[in-house]
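# Fold and contact review
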Amino acid sequence: MSKLKTETQITPLPAYHVAAMHRDLIVPTTWFYYKGEYHLYYLYTDTDRDTPIQGWGHIHSKNLIHWTDSPDILLSDGQHRIFSGTIVQDPKNTSLLGSSSKPPLIIIYTAEHQGSQALYLAYSTDGGIKWSVYTKNPILDARKKEFRDPHIFWHEPSSRWVMTVCVPQEYKVQFYTSKNLIRWDQINDFGGHPSFKKKWVQASLVTVPVLHQKHVYKWILIVNTEDQHATTRYFVGNFDGKGFQCDHALDLVLSIDHGKDFFGCIPCGQAPDHRLLVQAWMGNLAYQPVLPFDGWRGMLTLPRELSLAKVLDGSYRIVQQLPEEWHTLLLNKKELTKSTIANETEWDIDLQVAMVFDLKLDSHKGCTLEFDFGSKTKLLVHWDVVKHQICVDRTSKAFGFDPHFNSFDCAVVAMGHTLSLKIYLDRYSIEIFTDEGRIAMTTLIITQHTLQRFRIIGKQFVAGGSVSYLKI
């Protein structure tokens, strides 16, 4: 029997981040572009029922902004727990599970039974409306306790499908190839380095466009690491169809996001114009079960577009920004008058639940952005010019519903006395992009009230920019 809460008992949803009412949204599993729409699937548990069910939720969008619910797929059969996987189009019908006139969509996903994980397959010949489970499952069984999170793509130079599979307890990714999406042969692996102390999960191998070099791409391996505080790192290198060769030392940790609440980052398959779009879960395993929400739990970050920039030493680093489509959401833009040299600046602006700050700072000593939510709850963003770093300070006692939630996270930014920040503020979160997109920081904000006051404090700084509101 359902135990759905009344509307007055439900915590309001975020203004513009994806969340699912009456569900614990665990992590995005896969997403891809198909027939003019983005289809995103997420793993969830229905927590409002006496016997929780687990499955893949499905939402779709034409513009990466407005998402519509679609019927769930792959509900657990009661014997197998299901986890992450990938959906791909099989336009040449290499699997022979469709036809030339009705090429299939293929899901390869993780299923767990009696303490062991293996890979299973399902397919659809009607565009993803109805799915059939392959009768000869599992298609790949390494007889391991953890063998999960397949990510699949078509590798044109070798005319084969390539799949990455995580072996979390060995801190590595295995690579497989196939001609038909059913029979897979291992070709190589990557990882297992002694410095890797966290479980590797939801890994994906993708190409990334290089900035200012037309039609030039590099490969990156995205790896989500599962531990008390989950993170997402990436390796830059090359893939020749036989294995991944990393360009840098394996113990060099390159993070996609430096905040506390960014995990389960997955790429969009077949994105238009060869863009690399990613989406992630906004949360942290350390305190997710005790978040003080009623009626739902868990949400996604904003979609991001990734590229690579070549830095002074010849290596590459990720640069990220929101997709161009998101610019259509901004309205009622208000220019913030550039301050004189000051120790405190505060503008007369309308403070709302959904806001975007576009700030430009100039200082030789640094300054602090103060987001005051009342009841002694403040989120602080510190810019330290001397240490050339930016820090998100969530140590306010009012955040203390769980000791793991209080945090102070920093990231290194370029040296210099100027800094630009793009800040997306929502009801329960803040996403910060700075250093020309080289640094992103995603942080949950759990408060009783909406933003009450915003100001900048420090010593001898100049600040200006704009604030915009969002049309949802």
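Higher on the page you've got the structure.
Summary of the structure given here. (Residues numbered from 1 in each chain as written. Predicted model: local features only at pLDDT ≥ 70, side-chain atom pairs only at ≥ 80, totals over all residues. Heavy atoms only, no water.)

For the rest of this paragraph, the subject is the overall build of the protein chain. The helix and strand inventory of the protein chain stands at zero helices and 34 strands. Each of the 472 residues in the protein chain was classed as buried or not, and the buried ones make up 56%. Intrachain contacts of the protein chain at a sequence separation of at least 6 include 56% that bridge at least 24 residues. Summed over all atoms, the accessible surface of the protein chain reaches about 20,800 Å², with 50% contributed by carbon and sulfur. (Helix = DSSP H or I, 4+ residues; strand = E, 2+ residues; numbered from the N terminus. Buried < 20%, exposed > 50% of the residue type's maximum accessible area, 1.4 Å probe, protein only. Contact = heavy atoms within 4.5 Å. Areas by Shrake-Rupley, 256 points an atom, 1.4 Å probe, with all protein chains shown as cover.)

Side-chain alternation along strand β30 (residues 407-412) places Ser407, Asp409 and Ala411 on a buried face and Phe408, Cys410 and Val412 on a face that remains uncovered. Bridge analysis of strand β29 (residues 389-394) against β30 gives six bridges, and the strand direction is antiparallel. Following the sheet pairing, Asp393 is matched in β30 by Phe408. (Pairing = 2+ DSSP bridges.)

Let us now look at the nonpolar core. Counting residues in hydrophobic clusters, the biggest one holds 48 residues, and the most contacted among them are Phe357, Leu369, Phe371, Ile390, Ile423, Phe454 and Ile456. Of all the secondary-structure elements, those providing two or more residues to this core are β26 (355-363), β27 (367-372), β28 (378-384), β29, β31 (418-426), β32 (429-434), β33 (439-444) and β34 (453-470). Among the elements that make up this core, the one with the highest residue count is β34 (six residues). Apart from the residues within four sequence positions on either side, Leu369 is in contact with Leu359, Leu361, Leu379, Leu380, Val381, Ile423, Phe454, Arg455 and Ile456. Membership of the second largest hydrophobic core comes to 39 residues, among which are Val18, Val27, Tyr41 and Ala230. (Core = buried A, V, L, I, M, F, W, Y, C linked by side-chain atoms within 4.5 Å.)

This part is about the state of the cysteines. In this structure the tally under the stated criterion is one disulfide. Cys268 takes part in no disulfide bond, and the closest cysteine sulfur to it belongs to Cys265, at a distance of 12 Å. Relative accessible area serves as the criterion here: at 8%, Cys268 is assigned to the buried category. Looking at the unpaired Cys367, the closest cysteine sulfur is the one in Cys391, lying at 12 Å. (Disulfide = S-S within 2.5 Å.)

Moving on, we get to the pattern of salt bridges. One pass over the full model with this rule turns up 24 salt bridges. Here Asp409 makes a salt bridge to Lys260, at a shortest N to O gap of 3.1 Å. Residue Asp409 is located in strand β30, and its partner Lys260 is located in the loop between β18 (254-255) and β19 (263-269); the two are separated by 149 residues in the primary sequence. For Asp409, a relative accessible area of 11% puts it in the buried group. Take Lys260: its relative accessible area is 16%, and that puts it in the buried class. (Salt bridge = Lys/Arg side-chain N within 4 Å of Asp/Glu carboxyl O.)

In short, geometric facts, not functional conclusions.
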